[in-house]
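# Survey of secondary and tertiary structure
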Amino acid sequence: KSILELGCGSGLISIVAAKAGANVTSSDLSHTALENTKQNAILNKVSLAIIHSDLFDNIPGTFDMIIINPPYYAKDANEEAMLAWYCGKNFEYFEKFFKQLKEHIHLNSEVIIVLTKGSDLSTIFGIAAKSGFSFELVEEKNVLFDEKDYLYKIRPSSSA
């Protein structure tokens, strides 16, 4: 399978997928995250396509699976380390993500996203709906900081 990990951070998901035989593209806006992913790929003896990109800006093609653990707090990131947490005070990250997503999926693609109870889920769901996407809850887990994390599949809405 072709897998894209958007916002790869340390590259953990990318490395696990590559070890399972997937053709993996790892991307992040953070240069630090990309260097960490590169070093972890070397240590784990896997091959990854590592791309510096603001969401899909530098990423061509479609993928069988897109995995994303996005920034989800409504605040502007004023330094690189905050890119992992803040999606912009007006949820600009999600606006851009959902506008670009259709160009990178095909009929059988799976899009998996992690969100947290501490994020504004209704706003994120509303942004997705405007672009023709809906969420299907796959799993929820109690966690220390935000009380609960949710794993969702993102699907094109039936009306899209």
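Up top is the structure.
My aim in this report is to walk through the structure given alongside it, one point at a time. Along every chain, residues carry numbers that run from 1 in the direction the sequence is written. The model is predicted, so local features are restricted to residues of pLDDT at least 70 and side-chain atom pairs to those at 80 or more, both for listing and for counting; the totals for chains, interfaces and linings are taken over all residues. Derived side-chain values reflect all non-hydrogen atoms in the structure, with water molecules and hydrogen atoms excluded from consideration.

Now for helix H3 (residues 92-101). Buried residues of H3: Tyr93, Phe94, Phe97, Phe98, Gln100 and Leu101, and no others. End-on view of H3: buried residues confined to an arc of 165°, all on one side of the axis. In what follows, a contact means two residues having at least one pair of non-hydrogen atoms within 4.5 Å. Segments assigned H or I by DSSP are reported as helices when at least four residues long, segments assigned E as strands when at least two residues long, and all are numbered from the N terminus. The secondary structure elements touched by the buried residues of H3 are strand S1 (2-6), strand S4 (63-68), strand S5 (105-116), helix H4 (121-130), strand S6 (133-143) and strand S7 (147-156). To sort residues, take the accessible area from a 1.4 Å probe on protein chains only and compare it with the maximum for the residue type: under 20% means buried, over 50% means exposed, and anything in between is partly exposed. Working definition: the arc comes from the directions between the helix axis and the C-beta atoms, pointing outward to the latter.

Time to look at the side chain of Ser30. Considering the arrangement of structural elements, one finds Ser30 in the loop between strand S2 (23-28) and helix H2 (31-43). On the basis of relative accessibility, which here comes to 9%, the residue Ser30 falls in the buried class. A polar contact of 2.5 Å, which involves the side chain of Ser30, links it to the side chain of Glu80. Not counting residues up to four positions away in its chain, the partners in contact with Ser30 are Glu80 and Leu83. Contacts described as polar in this section are N or O atom pairs within 3.5 Å, which, within protein, must combine one atom able to donate a hydrogen with one able to accept it, while residues neighboring in sequence count only if both atoms come from side chains.

This part takes up the packing of aromatic side chains. Each aromatic pair joins two rings of Phe, Tyr and Trp (for Trp, the six-membered one) with centres within 6.5 Å, and gets the label stacked for planes under 30 degrees apart, edge-to-face for over 60, and tilted for any other angle. For the structure shown, the criterion picks out 11 aromatic pairs. Ring plane angle 40° and centroid distance 4.5 Å describe the contact between Phe125 and Phe135, whose orientation is recorded as tilted. Remark: Phe135 occurs in strand S6 and Phe125 occurs in helix H4; sequence separation between them is 10 residues. Under the relative-accessibility criterion, Phe125 is labelled partly exposed at 28%. By relative accessible area, Phe135 is classed as buried at 18%. Both rings, one in Phe135 and one in Tyr152, keep their centres 5.3 Å apart while their planes meet at 90°; by these two values the pair is edge-to-face. Of the two residues, Phe135 is situated in strand S6 and Tyr152 in strand S7; the sequence distance between them amounts to 17 residues. Of the two residues, Phe135 and Tyr152, both sit in the buried class. An aromatic cluster of at least three residues, connected via ring pairs, comprises Phe56, Phe97, Phe98, Phe125, Phe133, Phe135, Tyr150 and Tyr152.

Moving on, we get to the packing of H3 against H4. Here, axes are lines fitted to C-alpha atoms. For helices the fit covers the stretch in contact, and angles between N-to-C directions go from 0 to 180 degrees. For the pair H3 and H4, interaxial distance at closest approach is 9 Å and the crossing angle is 30°. In terms of their interaxial angle, H3 and H4 are classed as roughly parallel. Between H3 and H4 lies a crossing of right-handed hand. Contact with H3, carried on its side by Phe94, Glu95 and Phe98, involves Ile124, Ile127, Ala128 and Lys130 of H4 and no other residues of that element. Asp, Glu, Lys and Arg are counted as charged, while Ala, Val, Leu, Ile, Met, Phe, Trp, Tyr, Cys and Pro are counted as nonpolar; the rest, among them Gly, fall into the polar class. Residue composition of the contact of H3 with H4, by class: 5 nonpolar, no polar and 2 charged. Any angle that falls under 35 degrees is termed roughly parallel, while one over 145 is termed roughly antiparallel, one within 65 to 115 roughly perpendicular, and all others oblique. Each crossing gets its hand from how the near helix is turned against the far one by less than a right angle, where anticlockwise is left-handed and clockwise is right-handed.

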